[in-house]
Amino acid sequence: MKHLSKLGLALLLLGFACACKQADYVADEANASVESADSTSVISSNAAVEPKNSNRKFVRTADIKFKVKDVAKSTYAIENSIAKHGGFVTFTDLKSNINQKSETKISQDSILETIQYRVDNTITFRVPNTQLDTVLKSMVKEINFLDSRLIKADDVSLQLLSNKLAQKRIKNSQSRLEKGIDTKGKKLNDITTAEDKALDKATESDASILNNLSLEDQVNFSTVTLYLYQRETTKQEVIANEKSVNEYRPNIGLQIWDSLKTGWFILEGIIAFVVQLWSVFLIAGIGFVLYRKFLKK
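A.B. asks: Sorry, what's going on with the overall build of the protein chain here?
C.D. replies: A count of helices and strands for the protein chain gives 7 helices and 6 strands. Walking the protein chain from its N terminus toward its C terminus, one meets helices and strands in the order α-β-α-β-β-α-β-α-α-β-β-α-α. Per-residue burial for the protein chain yields a buried fraction of 22% across its 297 residues. Considering only contacts in the protein chain between residues 6 or more positions apart, those separated by 24 or more positions represent 82%. Only carbon and sulfur atoms are counted for the fraction: they give 58% of the accessible area of the protein chain, which is about 21700 Å².

Right, here's the structure in full:
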């Protein structure tokens, strides 16, 4: 009986331990799911979702700034996600900003160079409006800390309608003007003036069409600007110590010896110069002798 009681107690404790472990696992899974959902909701927005069966047209733009572990790796991952969902990158500026740089001499021929820098990147891309929310959610796993998120959805339905009505009016006016030129234009001056007006109408019509096409393009493709940055990084590197000019100056003994040689060379030059004047001294001596011999008598 004692053995059976001990066995039953052991089984009971084992079952209790397994139940606790299972509960902890379920709790961890639930917490992970909640964190994932929270991160997704932070970067996502209803403003980025295309309404179903809606006649309204929206121009969507987003500006997001967040910290990542590695800017280069996150940039490649984001660019791949953009291309996967039919978008394209229009601007990217990946660079390292040096905050501080110092050099420490550690030996006669070595210097320790320390650089503190931060890598960041500004990315501008365009993506189909139906894929905007999907692309934003795909970036969640890259975010280490979200600084800011600004998403705008501007309703341009009335502006598009206004442009279309303007195009229609310009087209009707242009048609009437061209018809008048063909049927009533008689004088050259009248025809020229009418042709100029028709050309102005055509130019105005083209501008209105291009404006509408640009607006429709902004509706179909959302524009997103991202600013990525990572924690400040320190890089240390041992480099060769480039000696200054003073390191190559000779010692005092060698400088004295060089000075003696230079002085001797100067003396040699003086002697050589004086010797070159022997003819002058000869003439002067002859003149002095003649002066003493004849002129004094």
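A.B. asks: Looking at this structure, I do not really get the pairing of strand E2 (residues 88-107). What am I missing?
C.D. replies: Look at any regular strand and the pattern is simple: side chains alternate between the two faces of the sheet. Looking at chain direction, E2 and strand E3 (residues 110-128) are connected through 17 bridges and run antiparallel. The residue of E3 that forms the bridge with glutamate 103 is glutamate 113. Two successive antiparallel strands, E2 and E3, enclose a turn made up of 2 residues.

A.B. asks: Help me out: how do you make sense of the pattern of salt bridges in this one?
C.D. replies: If the charged atoms of two oppositely charged side chains come close together, the side chains can form a pair. Taken as a whole, this structure holds 7 salt bridges when the rule is applied. Residue aspartate 155 pairs with arginine 56 through a salt bridge whose shortest N-O separation is 2.5 Å. With aspartate 155 in strand E4 (residues 145-155) and arginine 56 in the loop between helix H1 (2-43) and strand E1 (58-67), the pair connects residues that are 99 residues apart, well separated along the chain. The partly exposed category is assigned to arginine 56, whose relative accessible area is 48%. The partner of lysine 101 in a salt bridge is glutamate 113, and the shortest N-O contact between them spans 3.5 Å. On the criterion of sequence distance, the pair formed by lysine 101 in strand E2 and glutamate 113 in strand E3 is long-range, its members being 12 residues apart. Connected through shared salt-bridge partners, Asp93, Lys95 and Asp120 make up one network.

A.B. asks: Explanation requested: the pairing of strand E5 (residues 221-229) in the structure shown.
C.D. replies: Both E1 and E5 contribute to a ladder of 7 bridges, which runs parallel. Looking across to E5, one finds that aspartate 63 is bridged to threonine 225. Where E3 and E5 come together, 9 bridges link them in antiparallel fashion. Each bridged residue has a counterpart across the sheet, and for proline 128 the counterpart in E5 is phenylalanine 221.

A.B. asks: Before we go on, may I ask you to explain the nonpolar core in this structure?
C.D. replies: The tendency in soluble globular proteins is for nonpolar side chains to be buried side by side. The biggest cluster of nonpolar side chains holds 19 residues, and the ones touching the most others in it are Phe66, Ile78, Phe125, Met139, Leu226 and Leu228. Looking at this core, the elements that each hand over two or more residues are E1, helix H2 (71-84), E3, helix H3 (132-138) and E5. In terms of residue count, E3 provides more of this core than any other element does, 4 residues in total.

A.B. asks: What is the right way to look at H2 in this model?
C.D. replies: Residues spaced three or four apart along an α-helix face the same direction, because each turn holds 3.6 residues. Over its 14 residues, H2 extends 20 Å from the first C-alpha to the last, a length consistent with the 20 Å expected when each residue adds 1.5 Å. Turning to H2, its buried residues number three or more, namely Val71, Ser74, Thr75, Ile78, Ser81 and Ile82. Looking straight down H2, one finds that the buried residues subtend no more than 130 degrees of arc, so they occupy a single side. Turned more than 90 degrees off the buried face of H2, the exposed positions are Lys73, Tyr76, Asn80, Ala83 and Lys84.

A.B. asks: Teacher, can you tell me more about the environment of lysine 73 here?
C.D. replies: In this fold, lysine 73 is placed in helix H2. Taking C-alpha positions, lysine 73 is 9.1 Å from glutamate 142, a pair spaced 69 residues apart along the chain.

A.B. asks: Honestly, a nonpolar patch on the surface in this entry has me stumped. Any pointers?
C.D. replies: On the surface, a nonpolar cluster with roughly 660 Å² of combined accessible area is contributed by Ile266, Ile270, Phe273, Val274, Leu277, Val280 and Phe281. Counting only elements with at least two residues in the nonpolar patch, the list comes to helix H6 (252-275) and helix H7 (278-295). Take the nonpolar patch: its biggest share by element is 4 residues, from H6. Within the secondary structure layout, isoleucine 266 lies in helix H6.

A.B. asks: How should I be thinking about the side chain of threonine 124 in this particular structure?
C.D. replies: Within the secondary structure layout, threonine 124 lies in strand E3. Taking relative accessible area as the criterion, threonine 124 reaches 16% and is therefore assigned buried. Among residues more than four places away in sequence, those in contact with threonine 124 are Val89, Thr90, Phe91, Thr223, Val224 and Thr225.

A.B. asks: I'm lost on the environment of tyrosine 227 in this one. Help?
C.D. replies: Position of tyrosine 227 among the secondary structure elements: in strand E5. In this structure, the C-alpha to C-alpha distance between tyrosine 227 and phenylalanine 66, residues 161 residues apart in sequence, is 6.5 Å. One polar contact links tyrosine 227 to aspartate 120, side chain to side chain, over a distance of 3.4 Å.

Here is what the cut-offs are and how they apply
- Residues numbered from 1 in each chain as written.
- Predicted model: local features only at pLDDT ≥ 70, side-chain atom pairs only at ≥ 80, totals over all residues.
- Heavy atoms only, no water.
- Helix = DSSP H or I, 4+ residues; strand = E, 2+ residues; numbered from the N terminus.
- Buried < 20%, exposed > 50% of the residue type's maximum accessible area, 1.4 Å probe, protein only.
- Contact = heavy atoms within 4.5 Å.
- Areas by Shrake-Rupley, 256 points an atom, 1.4 Å probe, with all protein chains shown as cover.
- Pairing = 2+ DSSP bridges.
- Salt bridge = Lys/Arg side-chain N within 4 Å of Asp/Glu carboxyl O.
- Core = buried A, V, L, I, M, F, W, Y, C linked by side-chain atoms within 4.5 Å.
- Expected span 1.5 Å × (residues − 1).
- Arc of directions from axis to C-beta.
- Patch = residues over 30% accessible without salt bridge, like charges linked within 9 Å, V, L, I, M, F, W, Y side chains within 5 Å.
- Polar contact = N/O pair within 3.5 Å; in protein donor to acceptor, adjacent residues only side chain to side chain.

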